[in-house]
Amino acid sequence: MPGKADAQVPRRAVFAAVLGNWLEFFDFTVYALFAVMIGKQFFPVESASGQLLLSLATFGVGFLMRPLGGIVIGSYADRVGRKAALTLTMMLMAIGTGIIGFTPSYEQIGLAAPLLVVFARLLQGFSAGGELGAATTYLVEIAPQGRRGLFGSWQYASQGLATLAASLMGFALTQSLTPDDMNSWGWRIPFIFGLLIGPVGFYIRRHMHETAAATERHESSGAVLQTLFTRHLGLILIGILTIMGGTISSYIIGKYMTTYALHTLRMPASVAMLASVVSGLVIVFGSLLGGWLSDRYGRRALMILPRVLFVLAVYPAFLLITTAQSTGTLLAMIALLALFQAMSGAVGIIALPECFPRAVRTSGLSITYALGVTIFGGTAQLFVTWLLDATGNPMALAWYLVATNLVTIWALFKLRPPEAADRLG
């Protein structure tokens, strides 16, 4: 029976992994929430829609670096260890956050302003490409027997915690500052706060214990990638499709709904921020619930059933949102969709590393997730903004979610994680 000290190791390890993952998604969420204000500061075009599109395009640029980050940092984690990779991603994320928080506006330094913001997003995207794979792999490898679903679900729950923290901060700022103050400097406060968290996370991760087996490490990153792409290419392709529906849904329900409420439904900023608060709360609860249930009833059931319920609920939910246009309806429907999305999404992220052998586990998950998020998640907000402006139909968003999640349901049936969840090699 493990002693008290042994029992404390997983808790400390979970906190170390979750804190960095939290910071990554906090940064991404803050940018998405303040996309309208960031557009006004850094992109000198006349129309509000043009500013928003350029701001969201810059948001999407960060995703272009995710596959490279997944390849470089993921293979680094399989070659050197999870601890080294997680320490590196924490440092890179803090630097990118600081650049965005302190870059002067276009009016102050001209073209250098948007260029610096784009560079920061590229740096954040590179670090994010390796962060999720290394953090999730670490969580499932340190989990006690029979609890890998619950431990791994903290990765997805940390995304909800990040959304919650960012949106609560956004709500508080919109309530306490004037619109002019928010547009000029108030939006910078969350980025500066994120920068202050960086050194704390860096210190904690420097003292986490290693889970990668030294006997299974490759001699070079090239050897890791050769093994991965020659033996597991089919799994990578199926994995990308399993991620597609979840990442699109996550960025739309968890982040874009603030912009949707502001830009499409013309709701007040305070109401729009509350949408993300509700989403964040539900994601935390739904992720942990899904992970816990998957330890009891298996990964496949908890990946597929909530995703099917999400597809069935999307169109009626958006129909109610657009016709009622009330705060209560908006928040209730977001909560419902976020619950199904979180339960399925959390378990899907746990199942993928279970499908890869330990020697290529981090690189396999990192590259698969980075490609899926880059292709589908990084373009989601930009695409639906264009789609809504082009069609003039607020329900176009619902049909996009239905179509992409149907593809993911098909892919989830093809993905076969080991149901004997304790056989993680």
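Please read all numbers here as calculations on a predicted model, not as lab measurements.

*Asks:* Outline a nonpolar patch on the surface, supporting the account with residue identities and numerical values.
*Replies:* Judged by side-chain polarity, Leu305, Val308, Leu309 and Leu312 come together as a nonpolar surface patch covering roughly 350 Å² of accessible area. Relative to the assigned elements, Leu309 resides in helix α14 (residues 299–324). Overall, the relative accessible area of 34% leaves Leu309 in the partly exposed class.

*Asks:* Lay out the packing of aromatic side chains in plain terms, naming residues and giving numbers.
*Replies:* Counted according to the given criterion, the structure contains 8 aromatic pairs. Between Trp22 and Phe193, the ring centres sit 6.4 Å apart and the planes meet at 85 degrees, which makes this aromatic pair edge-to-face. Of the two residues, Trp22 sits in helix α1 (residues 4–33) while Phe193 sits in helix α10 (residues 188–206), which places them 171 residues apart along the sequence. On the basis of relative accessible area, Trp22 is assigned to the buried category, the value being 12%. Assessed through its relative accessible area of 32%, Phe193 is described here as partly exposed. Seen from their ring centres, Phe42 and Trp187 are 5.7 Å apart, and the 85 degrees between their planes marks the pair as edge-to-face. Here Trp187 lies in the loop between α9 (179–186) and α10 and Phe42 lies in helix α2 (residues 35–42), a separation of 145 residues in the sequence.

*Asks:* A description of the nonpolar core should follow, citing residues and the corresponding values.
*Replies:* Counting residues in hydrophobic clusters, the biggest one holds 104 residues, and the most contacted among them are Phe34, Ile252, Ile253, Tyr260, Phe318 and Leu330. Ranked by residue count, the leading element in this core is helix α15 (residues 327–355), at 14 residues. For Ile253, the contacting residues outside a window of four places in its chain are Ser279, Phe310, Phe318, Ile334, Leu337, Ala338 and Leu401.

*Asks:* Lay out α10 with the relevant residues and their values.
*Replies:* If you check α10, its first and last C-alpha atoms are 28 Å apart, about what 19 residues at 1.5 Å a residue would give, namely 27 Å. Those residues of α10 that sit buried are Arg188, Pro190, Phe191, Gly194, Ile197, Gly198, Gly201 and Arg205.

*Asks:* Describe in detail the packing of α14 against α15, supporting the description with residues and values.
*Replies:* Contact geometry of α14 with α15 gives a least axis separation of 8 Å together with a crossing angle of 155 degrees. Our classification of the angle between α14 and α15 gives roughly antiparallel. α15 is crossed by α14, and the crossing has left-handed handedness. Of the residues belonging to the contact of α14 with α15, the class tally is 21 nonpolar, 5 polar and 3 charged.

*Asks:* Before we move on, could you go through α15 and cite the residues and values that matter?
*Replies:* Each turn of an α-helix holds 3.6 residues, which means side chains three or four residues apart point in the same direction. Taking 1.5 Å as the rise per residue, α15 with 29 residues should run 42 Å; its terminal C-alpha atoms sit 42 Å apart, in good agreement. In terms of burial, α15 is a largely internal element, 21 of the 29 residues being buried.

*Asks:* Lay out the confidence of the model for the protein chain in plain terms, naming residues and giving numbers.
*Replies:* As a general rule, the predicted coordinates of low-pLDDT regions are not to be interpreted in detail. Scored by pLDDT, the protein chain comes out at a mean of 83, with 90% of its residues at no less than 70. Across residues 1–7, confidence stays below pLDDT 50; counting only partners more than four residues off in sequence or on other chains, it has 0 contacts.

*Asks:* Give a detailed account of the environment of Ala120, specifying residues and quantitative values.
*Replies:* Assignment of secondary structure puts Ala120 in helix α7 (residues 112–142). Exposure remark for Ala120: the relative accessible area of 0% places this residue in the buried category. Spatially, the C-alpha atom of Ala120 lies 22 Å from that of Ala135, the residues being 15 residues apart in sequence.

*Asks:* Tell me about the pattern of salt bridges, residues and numbers included.
*Replies:* The tally for this structure, following the rule as stated, stands at 8 salt bridges. The salt bridge involving Asp78 is made with Arg82; its shortest N-O contact spans 2.8 Å. Here Asp78 matches Arg82 in class, with each residue buried. One salt bridge connects Arg205 with Glu131, and the closest N-O pair in it is separated by 2.8 Å. Here Arg205 is found in helix α10, whereas its partner Glu131 is found in helix α7, with 74 residues between them in sequence. Taking the relative accessible area as the measure of exposure, Arg205 reaches 0% and is therefore buried. Taken together, the shared-partner salt bridges connect Asp78, Arg82, Glu141, Arg358 and Arg361 into one network.

Parameters at a glance
Residues numbered from 1 in each chain as written. Predicted model: local features only at pLDDT ≥ 70, side-chain atom pairs only at ≥ 80, totals over all residues. Heavy atoms only, no water. Patch = residues over 30% accessible without salt bridge, like charges linked within 9 Å, V, L, I, M, F, W, Y side chains within 5 Å. Areas by Shrake-Rupley, 256 points an atom, 1.4 Å probe, with all protein chains shown as cover. Salt bridge = Lys/Arg side-chain N within 4 Å of Asp/Glu carboxyl O. Helix = DSSP H or I, 4+ residues; strand = E, 2+ residues; numbered from the N terminus. Buried < 20%, exposed > 50% of the residue type's maximum accessible area, 1.4 Å probe, protein only. Phe/Tyr/Trp six-rings, centres within 6.5 Å; stacked < 30°, edge-to-face > 60°. Core = buried A, V, L, I, M, F, W, Y, C linked by side-chain atoms within 4.5 Å. Contact = heavy atoms within 4.5 Å. Expected span 1.5 Å × (residues − 1). Axes fitted to C-alpha atoms, helices over the stretch in contact; angles between N-to-C directions. Parallel < 35°, antiparallel > 145°, perpendicular 65-115°, else oblique. Left-handed = near helix turned anticlockwise from the far one by under 90°. Nonpolar A, V, L, I, M, F, W, Y, C, P; charged D, E, K, R; others polar. pLDDT = per-residue confidence, 0-100.

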